[in-house]
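So the chains spell out like this:
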Amino acid sequence: MKRIAIIGGGAAGLASATLLAKKGHSVVLFESHTHIGGCGGFFRRAKYIFDVGATTLSPMSELSPLTKFLNDFDIHVDTKNLETPMTIYSGDKKIFRYKNREKWIKELERHWPDIDHRLIWEKIFGLSDRLWKNTDLIENIFTKSLSFSMDPLLLGLNSFWTMKKFLDFHNIYDESYIKFLDEQLIISTQAHCHDVNFLIATIGLTYPEDMVYPMGGISNVLNLIEKKARELSVDIQTRTKVEKIIKSKGLYRITSNKGDDEFDIVISTLPLVNTAKLYQDRKLSKISKKFVGKYSALTFYIGMDDFLLPEESLYHQVHLKKGELLDDIGGSLFFSFSRHDDNSKAPKGKITLTSSTHIENFNLEMNEEDYEKFKKKLKEKFLVILKKYFPNIKTESFEFFEMGTPRTFKRFTSREEGLVGGIPHVLKNHPLLFPKPNILGENFYLLGDNIFPGQGVASVVLGAQNLIKKKFR
Ligand SMILES: Cc1cc2nc3c(=O)[nH]c(=O)nc-3n(C[C@H](O)[C@H](O)[C@H](O)COP(=O)(O)OP(=O)(O)OC[C@H]3O[C@@H](n4cnc5c(N)ncnc54)[C@H](O)[C@@H]3O)c2cc1C
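Nothing here was measured: the structure is a model prediction, and the numbers come from that model.

A. Just the site of the ligand, in detail. Taken together, 38 residues are adjacent to the ligand, and G8, G10, G38, G53 and G448 come closest. Of all the secondary structure elements, the ones that give two or more residues to the shell around the ligand are α1 (11–22), β14 (296–305) and α15 (457–471). Class assignment of the residues belonging to the shell around the ligand gives a composition of 13 nonpolar, 22 polar and three charged.

B. Examining the packing of helix α4 (residues 117–133) against helix α9 (residues 198–206) more closely. The N-to-C vectors of α4 and α9 enclose an angle of 95°; their axes lie 8 Å apart at closest approach. Judged by the angle between their axes, α4 and α9 are roughly perpendicular. Each of I124, F125, L127, S128, L131 and W132 in α4 lies in contact with α9, whose residues at this interface are L199, T202, I203, L205 and T206. Residues that form the contact of α4 with α9 fall into these classes: eight nonpolar, three polar and no charged.

C. Structural detail: helix α10 (residues 218–231). In this model, α10 (14 residues) spans 20 Å end to end at C-alpha, consistent with the 20 Å of a helix rising 1.5 Å per residue. Considered for burial, the residues of α10 that qualify are I218, S219, N220, V221, L222, I225, E226 and A229.

D. Just the sheet that holds strand β10 (residues 242–248), in detail. The antiparallel open sheet is built from three strands, whose spatial order is β10-β11-β12. Of all the strands in the sheet, the pair left with one neighbour each is β10 and β12 (259–263). The sheet shows a mean angle of 20° between the axes of neighbouring strands, taken without regard to direction. Bridge analysis of strand β11 (residues 251–256) against β12 gives five bridges, and the strand direction is antiparallel.

E. Expanded view of unusual backbone geometry. With an omega dihedral of -10°, the bond running from S58 to P59 counts as a cis peptide bond. One can find P59 in the loop between β4 (48–51) and α2 (65–72). Omega for the bond connecting F452 with P453 falls within 30 degrees of zero, at 10°, which places this linkage in the cis form. Within the chain, D74 stands out as a residue other than glycine whose phi angle is a positive 55°.

F. Spotlight on the sheet that holds strand β1 (residues 3–7). An order of β9-β2-β1-β13-β19 is seen for the five strands of this open sheet, with the pairing classed as parallel. Each edge of the open sheet carries a strand with a single partner, namely β9 (235–237) and β19 (444–446). Adjacent strand axes in the sheet meet at a mean angle of 15° when their direction is disregarded. Taken together, the five bridges between β1 and strand β2 (residues 26–30) define a ladder with parallel strand orientation. Opposite I7, over in β2, you have F30 as the bridge partner.

G. Geometry of the environment of S64. Looking at the secondary structure, you find S64 in the loop between β4 and α2. Since 20 C-beta atoms lie within 10 Å of it, S64 is described here as buried. The sequence separation of S64 and A458 amounts to 394 residues, and the corresponding C-alpha distance is 8.1 Å. Those residues in contact with S64, other than ones at most four positions away along the chain, are P59, W132 and A458.

H. Representation of the packing of helix α8 (residues 175–189) against α9 within the structure. At a minimum axis distance of 8 Å, the contact between α8 and α9 shows a crossing angle of 100°. It follows that α8 is roughly perpendicular to α9 by the angle criterion. Mapping the contact onto sequence places Q184, L185, S188 and T189 in α8 and I200, A201, G204 and L205 in α9. Here the contact of α8 with α9 is built from residues that sort into four nonpolar, four polar and no charged.

I. Layout of the pairing of strand β3 (residues 42–45). Taken together, the four bridges between β3 and β4 define a ladder with antiparallel strand orientation. What sits directly across from F43, in β4, is F50. From the end of β3 to the start of β4, which pair antiparallel, there are two residues, and A46 there has a positive phi angle of about 40°.

Definitions and limits used
- Residues numbered from 1 in each chain as written.
- Predicted model: local features only at pLDDT ≥ 70, side-chain atom pairs only at ≥ 80, totals over all residues.
- Near = placed C-beta within 6 Å.
- Helix = DSSP H or I, 4+ residues; strand = E, 2+ residues; numbered from the N terminus.
- Nonpolar A, V, L, I, M, F, W, Y, C, P; charged D, E, K, R; others polar.
- Axes fitted to C-alpha atoms, helices over the stretch in contact; angles between N-to-C directions.
- Parallel < 35°, antiparallel > 145°, perpendicular 65-115°, else oblique.
- Contact = placed C-beta atoms within 7 Å.
- Expected span 1.5 Å × (residues − 1).
- Buried ≥ 20, exposed ≤ 12 C-beta atoms within 10 Å, placed from the backbone.
- Pairing = 2+ DSSP bridges.

Dropping the structure here:
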């Protein structure tokens, strides 16, 4: 029986370990942290459980690969439907991101009456549906075996221009609308209208409509997958940091802080740059310099009294002005509140808030004093924003209020420079050029959010499904 090593116990590692174990393979999963989860992990403080990074689950329709994965393993995740998955505050507008497409178009017409939203969004919906509905198409892009039929042709053609070019084509130049789209896109594609691949942008823009609330948080979903993996005899070794991988006599020798072991096959789910540090390979080294993440995250975690937010809109996005949070950019803050009845995250009468934003070029070498000052200033600014948009919040009820920085993400996920989120889906990183799981040939595969099909819990699970279906019997 072949032995398979999986490096990293985030969503990609857990999904691939479970799929391989089901096929009867002998799987060892190495996770450097004390527990699994990575960017979808959690931490406990003062009676609360906080999602570290990821908070939203989408897409969760019947056709979604994540739904299929969970169903195939009989993993029941208690999710709550959201009729208004997100509320967006952009300039002076308060925009309800309805799940229902007709209501969503009407909402956009209410805010930007001069734009033909029906025309624009029907194109967006059409392309996004085609991509998600038939994941074989995505797999075909991954294997570069596009057959000549309408769908690949249509999808292919739309992957060669940006969202901005698409808007220009439809004579849309309204800056407030472009800013609104920019902030929607950055959270799911790590890119903005001017450089995002239009095809990928369509998935980013439909992402919110399918968001559901997972009881217990994203980390609970990953904990359930971990449980299933253990039931299927995956050997999950936490606190085990892989330090080196060497190929010798057809086997891979893995050195970790716990010792050495040999495997027939390795799957690394770490960012390319991390894997390149562990395994000397010229191709890997080259590609890890070409496809690099751009952003890290700033996060804020609060445990507090419930302030009775309507259940149908637990996720909020506030578009910021330059200087409102960070000195040099505007950007946006994403707020994820726990449901008032989600007592696995917070005690009765209490809720959690995880809020995050993108950050670039953070100085990881900052001395302790400057770092503490930086955090203090940001926490103060964050509180001003929080009170402005959620005036009913009782700040005096805060039992926990901390923040995470790229330094935190570096420590928590071991990612180089704390870079999270994945490789930006800009035009030059075209899906056909994007690093694929098999770029290193046979027996050493790559997965995770730096590898096609990219970022987010659903996508890295899809990546694992595609690889295992194609390469493992
Ligand atoms: C702030 C933030 C918000 C996000 N929001 C969402 C969201 O709402 N919805 C969504 O779907 N996605 C979201 N994402 C993205 C999503 O979390 C990630 O794309 C996904 O979880 C990545 O999973 P992964 O398995 O590829 O990588 P990771 O989660 O990074 O897992 C890799 C694992 O490898 C471990 N590791 C690293 N080095 C070593 C080593 N040398 N040896 C052993 N183990 C090692 C790490 O500890 C980690 O557990 C968000 C991300 C962030 C940072």
